[in-house]
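# Observations on the three-dimensional arrangement
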Amino acid sequence: MSGAPVPNGAFVPIDAPLPIDGADAAPSVRLELRFRAPYDWPRVLRFFAGRAIPGVEQVAGGVYRRIVEHRGAVGRLTVERHPRKHCVVATVDGAAARYADAAFAARLAAMFDLGADPHAIGAQLARDPWFAPLVDAAPGLRVPGAWSGFELAVRAIVGQQVSVKAATTIVGRLVERAGERMNERVGADDGGAPAWRFPTPDALAACDVARIGMPGKRAAALTGMARAVAAGDVPLAPAPADFAAAREAWLALPGIGPWTVEYLAMRAWRDPDAWPASDLVLMQSIAARDPSLDRLAGQRRRSEAWRPWRAYAALHLWNEVADRAGAARGG
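Residues numbered from 1 in each chain as written. Predicted model: local features only at pLDDT ≥ 70, side-chain atom pairs only at ≥ 80, totals over all residues. Heavy atoms only, no water.

Regarding its fold elements, the chain presents 14 helices and 10 strands. Across the chain, every contact between residues at least 6 apart in sequence was considered, and the portion connecting residues at least 24 apart equals 65%. Of the roughly 14200 Å² of accessible surface on the chain, 54% is carried by carbon and sulfur atoms. (Helix = DSSP H or I, 4+ residues; strand = E, 2+ residues; numbered from the N terminus. Contact = heavy atoms within 4.5 Å. Areas by Shrake-Rupley, 256 points an atom, 1.4 Å probe, with all protein chains shown as cover.)

Encoded structure:
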């Protein structure tokens, strides 16, 4: 076993890929990815479960599973929290296991926000009396990311002005139209395990998305975005120094507004200060605390106190609503 460092202080022990059932079978590899405790695994899973793309992702029994593609190889990923150590355990089955390198581990660390320092984030947010009880209730809250920036961009566009459930349904239809079933490359579909690869930018750009359940302008925005990503016109994973330029590039695309870009920045770019100000749940949560803050300008000023952790502030507010409703709300 060898160790591979990843960003934000996490460390990943990597087992050598081993065949499952003989030398010619697809390999399997197990990774342990450390985090700074506390880590609110149940709320992370709830967030992913409410947005799980049919056929691509699944959350069941305290475990997250999905189809992944890395370095051109496809596999099935399983992630669960270690019962004793401060780490999550990721298992990759299929051809992608042969490429479970430091870059693969870094994608996982970003997706599950393993490099966050919950004490520093919580201490800053708890200075605001609004957030002190929320931090006490969920001290290890994380900002769930995404395996693929393109996948999240699709999710963000589809999710404009619709419920989380409706967006999930529509994205599932896109997978059926433009994705690819991968059973023969990742093993049999046992008990509903994820078996579909999310569409590539080229495949989605070529797909007819009419009559899929979206308004015409939103469908056009989705196609235009897929073409822009396929052409390399917009970045999917900009460095922090390039966040401002990336925002400008994305906002220049037809049908892409500030909410979509901030949601992408929050979950795909890992900008800890991203703030989807026009999100209805966030606006309602803030106005409920102070009725005088019923407009975006006032809410933006109020959010300045939460810098540089406004993405975590958004998750705390979304999760407060979800805790009360027992469902996925926001984002």
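For the rest of this paragraph, the subject is the pattern of salt bridges. Enumeration according to the criterion identifies 19 salt bridges in this entry. One salt bridge connects Glu32 with Arg30, and the closest N-O pair in it is separated by 2.9 Å. Its relative accessible area of 12% is what places Glu32 among the buried residues. Among the charged side chains, a salt-bridge network with shared partners connects Asp40, Arg43, Arg46 and Asp323. (Salt bridge = Lys/Arg side-chain N within 4 Å of Asp/Glu carboxyl O. Buried < 20%, exposed > 50% of the residue type's maximum accessible area, 1.4 Å probe, protein only.)

All right, on to the environment of Gly122 then. The topology assignment puts Gly122 in helix 3 (residues 118-125). Since its relative accessible area comes to 10%, Gly122 is described here as buried. Separated by 13 residues in the primary sequence, Gly122 and Val135 place their C-alpha atoms 5.9 Å from one another.

As a rule of thumb, non-glycine residues mostly have phi less than zero, and peptide bonds are mostly trans rather than cis. Cis rather than trans, the peptide bond between Ala37 and Pro38 has omega equal to 0°. Along the chain, Pro38 falls in the loop between strand 4 (27-34) and helix 1 (41-50). Non-glycine residue Arg71 carries a positive phi angle of around 55°. Within the secondary structure, Arg71 is located in the loop between strand 6 (63-70) and strand 7 (73-81). Taking the relative accessible area as the measure of exposure, Arg71 reaches 55% and is therefore exposed. Despite not being glycine, Asp113 has its phi angle at roughly 55°, a positive value.

Once that is clear, we can look at helix 6 (residues 164-178). Between its first and last C-alpha, helix 6 extends 21 Å over 15 residues, near the 21 Å set by a 1.5 Å rise per residue. Every buried residue of helix 6 is listed here: Val164, Ala167, Thr168, Ile170, Val171, Gly172, Leu174, Val175 and Ala178. (Expected span 1.5 Å × (residues − 1).)

What follows concerns the packing of helix 5 (residues 149-158) against helix 6. Direction vectors running N to C along helix 5 and helix 6 enclose 125°, while the axes themselves pass 9 Å from each other. The angle between helix 5 and helix 6 places the two elements in the oblique class. Like other packed secondary-structure pairs, helix 5 and helix 6 cross with a definite hand, here right-handed. Residues Val154, Arg155 and Val158 of helix 5 form the contact with helix 6, whose participating residues are Val164, Ala167, Thr168, Ile170, Val171 and Leu174. In terms of residue class, the contact of helix 5 with helix 6 is built from 7 nonpolar, 1 polar and 1 charged. (Axes fitted to C-alpha atoms, helices over the stretch in contact; angles between N-to-C directions. Parallel < 35°, antiparallel > 145°, perpendicular 65-115°, else oblique. Left-handed = near helix turned anticlockwise from the far one by under 90°. Nonpolar A, V, L, I, M, F, W, Y, C, P; charged D, E, K, R; others polar.)

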